[in-house]
Amino acid sequence: MARTFLYLVAGLIVLVLAGLLALRFFADALTSIAFVPRAAFTRPTPLAASIYDDPGMWFARPGLRNDPVRWLPEGARRGGPNGAAVFFIHPTSYLSRDRWNAPLDDAVSRWRAELFVRGMASPFGDAAEVWAPRYRQAAIGAFLTDRPEANQAVDLAYGDVLEAFDTFIAHEPKDRPIVLAGHSQGALHLIRLLRDRVAGKPLADRIAAAYAIGWAVSPQHDLPAMGLPACNAPDQAGCVMSWQSFAEPASPPEVRAGFPAARALDGKRRLDAPPLCTNPLTGGAGANAPASADLGTLIPNLTFTSGKLVPKAVAARCDARGLLLIEGGPERGPPDMGPFVLPGNNYHVYDIPLFWANLRADADRRIAAWRAQAERAPR
């Protein structure tokens, strides 16, 4: 258990480095020099046909040994299987500047990405199947520049995700509910996937929930094209949950026009209005929730040798800026998650650990709600 948690912590530390850069979006010349690729964008060799039929192209999928999503923190027990299929898209793990997209044979970024899957997809571990693809993710530098190569890199990564998703869907029985989830870069790809594979299509009826976490979702410019409404009740099926975690005084990053993060699905600027904020402690039923609603925050110890679920550790509320502001329990300060909070009191690294048990319960409720709806539907 302790060694497993060390892997999780290592993944979070790397995510700090990636999130620190990707989410600040400052015009910092030193940062640009250090991480933005200088080479021209070169389209890699196309993936082989049906490549995602190969189990080696997945961090998690049915039949893999030592599946990382089955990890559990101290204080958590495996729940009853909920019968759903989950498709999870991992965040950025490629920090090099030698190219715009991570090559599939890059051992370091692959190792990091597997750690991310272990730490962030584990709340979905009660599902019948969890699929998490490897893909040629956009390099961290693609989120630090407005050069056209950045958008090309994001588009190429998204193409891989789409191909993986199509393979996932082809393997799933048509009566099985589906949960879609992604964090950071993974959430960006998920937003587009919902538009291209779910909105207005029969597949929309199979989506129990979609979790676009750690990325701005515009209610005006993204949500209408995604084909699902925002979640406004904890037992609502077929809806979108999204949040970005901060503590006060919160200073969210500015996103300049032209960056991949700025493009909304309708082509307009994503952050012209506050992003969607659905509170994971309420399931979207209310903007404010006391710490008593926290079923378990995943908190590491000071030496990072273990971690446990601590209930009632976090209160959370959505503010007028579309941020999810966190506070602690009786002391009212944010919980001590460790030294990796980003500038501006940005808890991006902990978007999922802060609400680990609530996210787990949220998915189970929405899957149950989906089944109830399916049973009532005319045959």
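All of these numbers come straight from a predicted model, not from anything done at the bench.

Caption draft 1: Just the overall build of the protein, in detail. Scanning the protein from terminus to terminus reveals seven helices and twelve strands. In the protein, 78% of the contacts between residues at least 6 apart in sequence involve partners at least 24 apart. When the accessible surface of the protein is split by element, carbon and sulfur atoms take 55% of a total near 14,800 Å².

Caption draft 2: Focus on the environment of Y350. Tracing the sequence through the fold places Y350 in the loop between β12 (324-327) and α7 (356-376). For Y350, the side chain forms a polar contact with the main-chain oxygen of M337, separated by 3.4 Å.

Caption draft 3: Spotlight on the state of the cysteines. The tally for this structure, following the rule as stated, stands at two disulfides. Put simply, C231 and C239 are joined by a disulfide, and their sulfur atoms are 2.0 Å apart. Disulfide C231-C239: torsion about the S-S bond near 95 degrees, hence right-handed. Grouping residues by exposure puts C231 and C239 together as buried. The residue that forms a disulfide with C277 is C318, at a sulfur-sulfur distance of 2.1 Å. Linking C277 and C318, the disulfide has an S-S dihedral of approximately -75 degrees and is accordingly described as left-handed. With C277 in the loop between β7 (245-246) and β8 (288-289) and C318 in strand β11 (residues 315-318), the pair connects residues that are 41 residues apart, well separated along the chain.

Caption draft 4: Layout of empty space enclosed by the protein. Per the stated rule, a full pass over the model turns up three cavities of 30 Å³ or more. Within this model, the largest cavity holds a volume of roughly 90 Å³. Residue contributions to the lining of the largest cavity peak at three residues, all from helix α3 (residues 107-120). A per-class count over the lining of the largest cavity returns six nonpolar, four polar and three charged.

Caption draft 5: Fine view of the side chain of H183. Among the structural elements, H183 can be located in strand β4 (residues 178-183). Overall, H183 belongs to the buried group, its relative accessible area being 0%. Separated by 3.4 Å, the side chain of H183 and the backbone oxygen of H348 make a polar contact.

Caption draft 6: Region of interest: the sheet that holds β8. If you walk across this open sheet you meet the four strands as β7-β12-β11-β8, and the pairing is mixed. Edge positions in the open sheet fall to β7 and β8, since each of these has one partner strand only. The pairing of β11 with β12 spans four bridges and is antiparallel. Pairing of C318 across the sheet is with L324, part of β12.

Caption draft 7: Examining helix α5 (residues 185-198) more closely. Counted at 1.5 Å a residue, the expected span for α5 with its 14 residues is 20 Å, and the 19 Å between its end C-alpha atoms agrees. Considering bend angle alone, the principal kink of α5 is centred on R192 and spans about 25 degrees. With respect to burial, α5 is a largely interior element, eleven of its 14 residues being buried. At its buried positions, α5 is contacted by β2 (85-89), α4 (148-171), β4, β5 (207-213) and α6 (223-226).

Caption draft 8: Representation of the nonpolar core within the structure. In this structure, F87 and L180 are the most contacted members of the largest nonpolar core, which totals 52 residues. Listed by contribution, the elements that provide at least two residues to this core are β2, α4, β4, α5, β5 and α6. F87 has contacts with W58, W131, P133, V161, A164, F165, F168, V179, L180, A181 and L193, leaving out every residue within four places of it along the chain.

Rules behind the numbers
Residues numbered from 1 in each chain as written. Predicted model: local features only at pLDDT ≥ 70, side-chain atom pairs only at ≥ 80, totals over all residues. Heavy atoms only, no water. Helix = DSSP H or I, 4+ residues; strand = E, 2+ residues; numbered from the N terminus. Contact = heavy atoms within 4.5 Å. Areas by Shrake-Rupley, 256 points an atom, 1.4 Å probe, with all protein chains shown as cover. Polar contact = N/O pair within 3.5 Å; in protein donor to acceptor, adjacent residues only side chain to side chain. Disulfide = S-S within 2.5 Å. Buried < 20%, exposed > 50% of the residue type's maximum accessible area, 1.4 Å probe, protein only. 1 Å grid on protein atoms, 1.4 Å probe; cavity = no way out; pocket = protein on both sides within 12 Å on 5 of 7 lines; lining within 4 Å. Points joined across faces, edges and corners; volume = space filled by probe spheres on them. Nonpolar A, V, L, I, M, F, W, Y, C, P; charged D, E, K, R; others polar. Pairing = 2+ DSSP bridges. Expected span 1.5 Å × (residues − 1). Bend = angle between axes of the 7 residues up to and from the residue. Core = buried A, V, L, I, M, F, W, Y, C linked by side-chain atoms within 4.5 Å.

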